[in-house]
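Letter by letter, the chains look like this.
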Amino acid sequence: MRLLLLLCLSLTITILAQDEKAEPKTSRQTNTCIGCHEMSTPGIVEDWKRSRHAQTTLNQALGKEEIERRVSVKELPEGIDGDIVVGCYECHSLNPEAHTDNFEHMGNAVNVIVSPNDCQTCHPEEAEQYSGSKKAHAVDNLRKNPVFDLLVNTSLATFHPDKNFETTVLPELNDVTCYACHGTEVKVIGTKTVSSSLGEIEVPELSNWPNMGVGRINPDGSQGSCTACHPRHSFDIKVARQPYTCGQCHLQPDVPGFDVYKESKHGNMFSTLKEEWDFDAVPWRLGTDFNAPSCATCHNSLVTTPDGDVVMERTHDFGSRMWVRIFSLIYSTPQPVSGKTYEITNKDGMPLPVAFDGTPASEFLISEEEQQQRREAMEGLCRNCHSTSWAEQYFTRFHKIVEETDKMTAASTALVAEAWEKGLADQENPFNEDIEFLWVKSWLFYANSVKYGAAMSGPDYSTFKNGWYEMVHNIEKMKKAVKTAE
Amino acid sequence: MRLLLLLCLSLTITILAQDEKAEPKTSRQTNTCIGCHEMSTPGIVEDWKRSRHAQTTLNQALGKEEIERRVSVKELPEGIDGDIVVGCYECHSLNPEAHTDNFEHMGNAVNVIVSPNDCQTCHPEEAEQYSGSKKAHAVDNLRKNPVFDLLVNTSLATFHPDKNFETTVLPELNDVTCYACHGTEVKVIGTKTVSSSLGEIEVPELSNWPNMGVGRINPDGSQGSCTACHPRHSFDIKVARQPYTCGQCHLQPDVPGFDVYKESKHGNMFSTLKEEWDFDAVPWRLGTDFNAPSCATCHNSLVTTPDGDVVMERTHDFGSRMWVRIFSLIYSTPQPVSGKTYEITNKDGMPLPVAFDGTPASEFLISEEEQQQRREAMEGLCRNCHSTSWAEQYFTRFHKIVEETDKMTAASTALVAEAWEKGLADQENPFNEDIEFLWVKSWLFYANSVKYGAAMSGPDYSTFKNGWYEMVHNIEKMKKAVKTAE
Amino acid sequence: MRLLLLLCLSLTITILAQDEKAEPKTSRQTNTCIGCHEMSTPGIVEDWKRSRHAQTTLNQALGKEEIERRVSVKELPEGIDGDIVVGCYECHSLNPEAHTDNFEHMGNAVNVIVSPNDCQTCHPEEAEQYSGSKKAHAVDNLRKNPVFDLLVNTSLATFHPDKNFETTVLPELNDVTCYACHGTEVKVIGTKTVSSSLGEIEVPELSNWPNMGVGRINPDGSQGSCTACHPRHSFDIKVARQPYTCGQCHLQPDVPGFDVYKESKHGNMFSTLKEEWDFDAVPWRLGTDFNAPSCATCHNSLVTTPDGDVVMERTHDFGSRMWVRIFSLIYSTPQPVSGKTYEITNKDGMPLPVAFDGTPASEFLISEEEQQQRREAMEGLCRNCHSTSWAEQYFTRFHKIVEETDKMTAASTALVAEAWEKGLADQENPFNEDIEFLWVKSWLFYANSVKYGAAMSGPDYSTFKNGWYEMVHNIEKMKKAVKTAE
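Okay, so let's go over this structure.

Rules of the game
Residues numbered from 1 in each chain as written. Chains lettered and ligands numbered in written order. Predicted model: local features only at pLDDT ≥ 70, side-chain atom pairs only at ≥ 80, totals over all residues. Heavy atoms only, no water. Helix = DSSP H or I, 4+ residues; strand = E, 2+ residues; numbered from the N terminus. Rg over C-alpha atoms; globule rule 2.2 N^0.38 Å. Buried < 20%, exposed > 50% of the residue type's maximum accessible area, 1.4 Å probe, protein only. Contact = heavy atoms within 4.5 Å. Areas by Shrake-Rupley, 256 points an atom, 1.4 Å probe, with all protein chains shown as cover. Buried area = accessible area lost by both parts, 1.4 Å probe. Salt bridge = Lys/Arg side-chain N within 4 Å of Asp/Glu carboxyl O. Polar contact = N/O pair within 3.5 Å; in protein donor to acceptor, adjacent residues only side chain to side chain. Nonpolar A, V, L, I, M, F, W, Y, C, P; charged D, E, K, R; others polar. Least-squares fit on C-alpha atoms with pLDDT ≥ 70 in both. Core = buried A, V, L, I, M, F, W, Y, C linked by side-chain atoms within 4.5 Å. Axes fitted to C-alpha atoms, helices over the stretch in contact; angles between N-to-C directions. Parallel < 35°, antiparallel > 145°, perpendicular 65-115°, else oblique. Pairing = 2+ DSSP bridges. Expected span 1.5 Å × (residues − 1). Arc of directions from axis to C-beta. Disulfide = S-S within 2.5 Å.

**Some remarks on the overall build of chain A**
Consideration 1: Across its full length, chain A holds 21 helices and nine strands.
Consideration 2: The C-alpha atoms of chain A give 25 Å as radius of gyration, which agrees with the globular expectation for 486 residues (23 Å, within 12%).
Consideration 3: A principal-axis box enclosing the C-alpha atoms of chain A has dimensions of 85 × 60 × 40 Å.
Consideration 4: Every one of the 486 residues in chain A was classed for burial, and the buried ones make up 58%.
Consideration 5: Sequence separation of at least 24 residues holds for 56% of the intrachain contacts in chain A that already meet a minimum separation of 6.
Consideration 6: Roughly 19800 Å² of accessible area belongs to chain A as shown, and the carbon and sulfur atoms make up 54% of that amount.

Encoded structure:
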């Protein structure tokens, strides 16, 4: 209780002390931006005002202990004024030569889109890590992989009464479905005139816009959209760390990460206790800042013990802490070495990390040793709240489930293969007939549901909710389809 | 930081000042109510105590700046005491002549149900707007529309082993399904005796009760249930403004508004930041009271800029800001002119806003000009946080998706028509055979899911979660059913 | 407002007063535990530190008014030091003779698993009530019931291309699906060596571990896992009382309790207002501590009026306030008398509480009188916020829905029986063919969804979301399957 008295005292001192300090300054250009945008887009200005960017200069950020920093640049970059806060102009004016979306706007040359390449001015490690991730390549990982491209196009086929299936997908449909999460390719396709309170102004016209997908291809050629997780002009780490952010895309039926988390004990504790936790602290101390992990804890945040010992280093390569890739393609495999998964070829020449007979495309996948290291690191994190045996047996069991689920996928694949062989379905497009839909659902929905449930303790997803039960019923339907036709 | 010191000072002053003020008084009758009900229904009394009604007199409310008022009556209505707070008796005793549920209760004549017609004593604009909305007519919009009535009755058919489908639905089943949200017709069907702590008392007996559906037909003949969104005796605007309220009814698989919102960036920010937002402020200032919209922001609340400039006027006609009606019947159309959609007839004489060949029942739908105005107003709201191009391109893309989704519904309709023509299904009841269920799901579940996802950025709902993928699989199943039968 | 001034004053006094008090002490053994575990499992230690256990001695707990106590033991048990807080050693060292998982660990003999039998040292009433509940017997209620055991094994059948269905389920698959919630049988199967910061240590090796299912069979022979609802070392009543806890297992499609609650008015108010409620108060006063019930309010917590009058006594036999068991087996029945439902036999000799023709196994079910008493008690709770008529009519309607839903199940059962009779399906395993899956889904998913929706006001679950509509479509599919085959 002495603590509380001290707290009151120190608060008073802080108030008085702060008062003496000079408020951090915004740049002349940013002041110009705000002058108009306070009226034309007040929501953006207000959002920014509550951001750390609006309240901190780079020099202040660099003055902190390294472990407390939210910037990874080590010293003031050339040409950057370290004594102004990070305002509109500071971000929207970077690297103009690379930006095809750079345009003259009320006396300043600004870019429409701030890209990871711009953010890396102050956050180079994050940008570097991200650039190697599957997320950064999420567009090409779909469209440059002929199998996935065909699956996308079949899933989004337009069908008109007077025609058959068309596998040409409308760009707008792509933009609101797969590529809404994966990212679109945003290009400058001209200029357009829009009305503003100061009269008509000319702005770049962008294709496949708006979009904030994780692998968005930006007008400066860079890949990614930091705002996907750090929305929009407040860039809150607090938002990024809460599972709702991951829950924009990691959703059932195909990737039920968020759904499983919510039903887990971890998710239960998060939902109940989150208001007492500190989602803003850097470093993020387990046990004191939070009592149960959110997605970010295990998959990317810098996590320390209450005493400040580092348990996990921060990473923005979100797959890099995982060893097994449970997402079925069509079986589970070790994580890929590179984020460019479209470069993978299996022994049958298919752009998949594993052949239908189960042979992995090992040269594209991380080694046994690397898998072991990652698993041990993850168990090390678990061991802060669970016993050694607990953590070890948890993942051993999980691996058994992954293995058995893959066998169910093999069974389902054998049935569709039988249908192809018997001429009951046409393998030319392996995704567009009824039995093929059943087959796709068996690995894309049901097998994933089972494995995600086993990975993060969401038993309902492993059982009835798109789980093993549906996998069994589905195989039964496929057997019936193949058998009835005989 | 000076702000904080000022805040402390002003808080102290406020405390002292408040102390001097007289507490607002409750009426003699309300005091009588509370006397017993504090014991017999303490939950109701406590709920009321924390309400604004319990703490504010109408004169105090009228003393505020108009933009800050929560009442829309302009001056003290005749016969109303403006110096007492709004208690039990003040609401439950209004318009007794209209109330068939009025009864003598411990010396006072009170109504069981407080209706929109009663609430309009102080909230006339809200009641007036609401009375013209689709919500107010939600009961008749189902039961007076023969097509929807048949769909309801088929969806709720009781089936016993010894009989065939019956299309007579049990009232109780209606009450807990469609009409739980749409509202029931509540009538006084007699009186009954119930036990109370003060002995047996006689009360009106109500049919189809309890219910709090949005279009409830009340014993006074009025339509609606304000408590549907402003529950129960605290009438919190805070509750009404949070998406959970809309989420009681606007749910997948048929109307996935709440579900899509939760998965959107807006929903992500809401879930993470809502504790920092002010859901009680009137007017509701974007950027300062909240950083991302909830359902109410876009669809009904009075929204201003941080400076207090009105961006959107308050409305309780919840469809009146929308221009297109994305809910498939069986295609999308412009919004109807009147909330009484059962009055609509299309060119084929069906009570639907569009014919199966796509011809809209234009005379019942808002004009091109009105659509344009509403869209511009909505984009104007978006533009507070998004650029002009962003907002404009967002809705252009959305319209393309609506159009293409309707084509998929046309394809599905052509297939069921083929089944009818070939005698594979009986069109007499177009909703009760397997292929007809597939057809209904194609527009009622899948097409809606795609369009709601496109409207509010929930890509999963446009893709795998009842989305385009299911629409394609569904058509494939229908094709197979029609073809196999040949 | 005087209140606020008083509050400030009393806070100051409290601060000063607290300062004088001696901090409660931890035992010597617990201090030893913490000495190492602060480093090896800091998450556990921090979690415990914020618990009531860490801050309260048993003597302090016993010093409270009985209604405010969180312990049910009446006096200090023999051998217990009432002046130390409840730390690691106090729980992990109890009843060593019963614990096959007891082992020498750094000088102390400790148990790996703290069981309900250990918790009952201070919480005997809770343990006693729980031991008679269906939850406590959740393992045997599946595996000792041949019908359920076959359903589990069929639902989790492994299927390999070269074999037919196998009904032998992998233990690991059991552990992550049905038994994750129901509980596993945890046995000591040997010892193993694990690494620690102090070198290698030997610990018991447990089978089917980790698990925190409600009916877990512990190494001391006891049944249950208190941590299932009171996680993990903070044992928060606050967590247990929030619906997210129940939402780990009570989930759609089979038991959609949590899902329905979220969509109800109660759930809406909870989601919006929960930050203002006190989930920690004992006793829990309706109206003041909360304005709408969560699961715990109706199903197990001690609830009082604002004045402290007891409305419902606390119970840890979670079924004991309910009169009807809406979970379909295959129809609804009165609640069973005993939590050991595997002991039930119906008139056809099946281990089910009702025969397929609808005859209940009455001797195993609670009497009419007991049903009536429980219903009245529940309505008594409702009546704190709802009128007498409201509460009574609500449940009358609910019962009608239960009855009608059971008729739909009878219809579905007649169809599968017809398939068996005609040789279209093999009754030997009544769960593993397509039409049998449809039949199981009709009662396990759709009928439950309808009834849970009617019980707790989630109309979407009674209608489109696995509701009546799906029940009708499902029967239509079954009819088609039986008819087509003719």
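After that view of the structure, there is still more to cover.
**Here we look at the interface of chain A and chain B**
Consideration 1: The interface is formed by 68 residues belonging to chain A together with 57 residues belonging to chain B.
Consideration 2: In this assembly, chain A packs against chain B so that about 5600 Å² is buried in total across both faces, 63% of it on carbon and sulfur atoms.
Consideration 3: On inspection of chain A and its partner chain B, the count reaches six salt bridges.
Consideration 4: Salt-bridge contacts for Lys238 of chain A lead to Glu276 of chain B; the nearest nitrogen and oxygen are separated by 2.5 Å.
Consideration 5: Between the two partners, chain A and chain B, sit 25 residue pairs in polar contact (both at pLDDT 80 or more).
Consideration 6: Residue contributions to the side of chain A that touches chain B peak at seven residues, all from helix 19 (residues 434-456) of chain A.

**Notes on the interface of chain A and chain C**
Consideration 1: The interface is formed by 57 residues belonging to chain A together with 68 residues belonging to chain C.
Consideration 2: For the pairing of chain A and chain C, the buried interface totals around 5600 Å² over both sides, and the portion due to carbon and sulfur atoms is 63%.
Consideration 3: The largest per-residue losses of area from chain A upon contact with chain C belong to Lys265, Arg397 and Tyr469 of chain A, which jointly make up 13% of the total buried on that side.
Consideration 4: Run the count over chain A and chain C and you get six salt bridges.
Consideration 5: There are 24 residue pairs in polar contact (both at pLDDT 80 or more) connecting chain A and chain C.
Consideration 6: Looking at the side of chain A that touches chain C, the elements with two or more residues in it are helix 1 (2-20), helix 15 (265-273), helix 18 (388-421), helix 20 (459-462) and helix 21 (468-484) of chain A.
Consideration 7: With 16 residues, helix 18 of chain A is the single largest residue contributor to the side of chain A that touches chain C.
Consideration 8: Its residues placed into classes, the side of chain A that touches chain C shows 23 nonpolar, 16 polar and 18 charged.

**Examining the relation of the copies chain A and chain C**
Consideration 1: Structural alignment of chain A on chain C gives an RMSD of 0.0 Å, achieved by rotating through 120° and translating 0.0 Å along the axis. The superposition operator between the copies reduces to a three-fold rotation axis. Taking C-alpha positions as reference, the residue of chain A nearest the rotation axis is Glu275 of chain A, located at 4.8 Å.
Consideration 2: A low fraction, 2%, of the interface residues of chain A reappear at the interface in chain C, so the copies pair through non-equivalent surfaces.

**What to know about the nonpolar core**
Consideration 1: Ranked by internal contacts, the top residues of the largest apolar core, which has 257 residues, are Trp439 of chain A, Trp439 of chain B together with Trp439 of chain C.
Consideration 2: A total of 14 residues in this core trace back to one element, the largest contributor, which is helix 19 of chain A.
Consideration 3: Membership of the second largest hydrophobic core comes to seven residues, among which are Cys33, Tyr89, Ile201 and Val203 of chain A.

**Side note on the packing of helix 18 (residues 388-421) of chain C against helix 19 (residues 434-456) of chain C**
Residues and elements named next belong to chain C.
Consideration 1: Relative orientation of the contacting elements helix 18 and helix 19 amounts to 175°, with a least axis distance of 9 Å. In terms of axis orientation, helix 18 runs roughly antiparallel to helix 19. For the pair helix 18 and helix 19, the contacting residues are Tyr394, Phe398, Ile401, Val402, Thr405, Asp406, Thr409, Ser412, Thr413, Val416, Ala419 and Trp420 in the first and Ile435, Glu436, Trp439, Ser442, Trp443, Ala447, Val450, Lys451, Ala454, Ala455 and Met456 in the second.
Consideration 2: Looking at the contact of helix 18 with helix 19 residue by residue, the classes come out as 15 nonpolar, five polar and three charged.

**Quick notes on the relation of the copies chain A and chain B**
Consideration 1: Each copy superposes on the other: chain A lies on chain B with an RMSD of 0.0 Å after a rotation of 120° and an axial shift of 0.0 Å.
Consideration 2: Of the residues that chain A buries at the interface, just 1% are likewise interface residues in chain B, meaning the two copies contact each other through different surfaces.

**Concerning the sheet that holds strand 7 (residues 310-312) of chain A**
The strands making up a sheet associate through hydrogen bonds between their backbones, and the pairing can be parallel or antiparallel.
Residues and elements named next belong to chain A.
Consideration 1: As summarised here, the arrangement of the three strands in space is 5-6-7, forming an open sheet in which the pairing is mixed. Each edge of the open sheet is held by one strand with a lone partner, namely strand 5 (284-285) and strand 7.
Consideration 2: For strand 5 and strand 6 (residues 303-304), the ladder comprises two bridges, and the chain directions are parallel. Counterpart to Arg285 in the pairing with strand 6 is Thr304.

**Considering helix 17 (residues 368-382) of chain B**
Residues and elements named next belong to chain B.
Consideration 1: Taking 1.5 Å of rise per residue, 15 residues should cover 21 Å, and helix 17 covers 21 Å from first to last C-alpha, within 8% of that figure.
Consideration 2: Of the positions making up helix 17, those classed as buried are Gln371, Arg374, Arg375, Met378, Glu379, Leu381 and Cys382. Along the long axis of helix 17, the arc covered by the buried residues comes to 150°, so they all point the same way.
Consideration 3: Those residues of helix 17 that are buried are in contact with helix 16 (295-299), strand 6 (303-304), strand 7 (310-312), strand 9 (333-334) and helix 18 (388-421).

**Considerations on the pattern of salt bridges**
Residue and element names in this part refer to chain C.
Consideration 1: In total, this model carries 99 salt bridges over all chains according to the counting rule given.
Consideration 2: A salt bridge links Asp47 to Arg50, with the nearest nitrogen and oxygen atoms 3.7 Å apart.
Consideration 3: Ionic pairing is found between Lys407 and Glu404, a salt bridge with its closest N-O pair at 3.0 Å. With Lys407 and Glu404 both in helix 18 and three residues apart, the pair spans about one turn of that helix.
Consideration 4: Under the relative-accessibility criterion, Lys407 is labelled partly exposed at 31%.
Consideration 5: The buried category is assigned to Glu404, whose relative accessible area is 5%.

**A short note on the state of the cysteines**
Consideration 1: By the definition in use, this model includes three disulfides over all chains.
Consideration 2: The partner cysteine of Cys181 of chain A in its disulfide is Cys249 of chain A, sulfur to sulfur 2.3 Å. Its S-S torsion of about -100° marks the bond between Cys181 of chain A and Cys249 of chain A as left-handed, since a negative value means left-handed. With Cys181 of chain A in helix 11 (residues 178-182) and Cys249 of chain A in the loop between helix 13 (243-246) and helix 14 (257-263), this pair connects stretches of sequence that are 68 residues apart.
Consideration 3: Residue classification places Cys181 of chain A among the buried positions, given a relative accessible area of 16%.
Consideration 4: Classification of Cys249 of chain A as partly exposed rests on a relative accessible area of 26%.
Consideration 5: In this model Cys382 of chain B remains outside any disulfide bridge; the closest cysteine sulfur is found in Cys298 of chain B, 6.3 Å from its own.
Consideration 6: When its relative accessible area of 19% is taken as the criterion, Cys382 of chain B is described as buried.
Consideration 7: Cysteine Cys229 of chain C remains unbridged, with the sulfur of Cys246 of chain C as its closest cysteine sulfur at 6.5 Å.
Consideration 8: By relative accessible area, Cys229 of chain C is classed as partly exposed at 24%.

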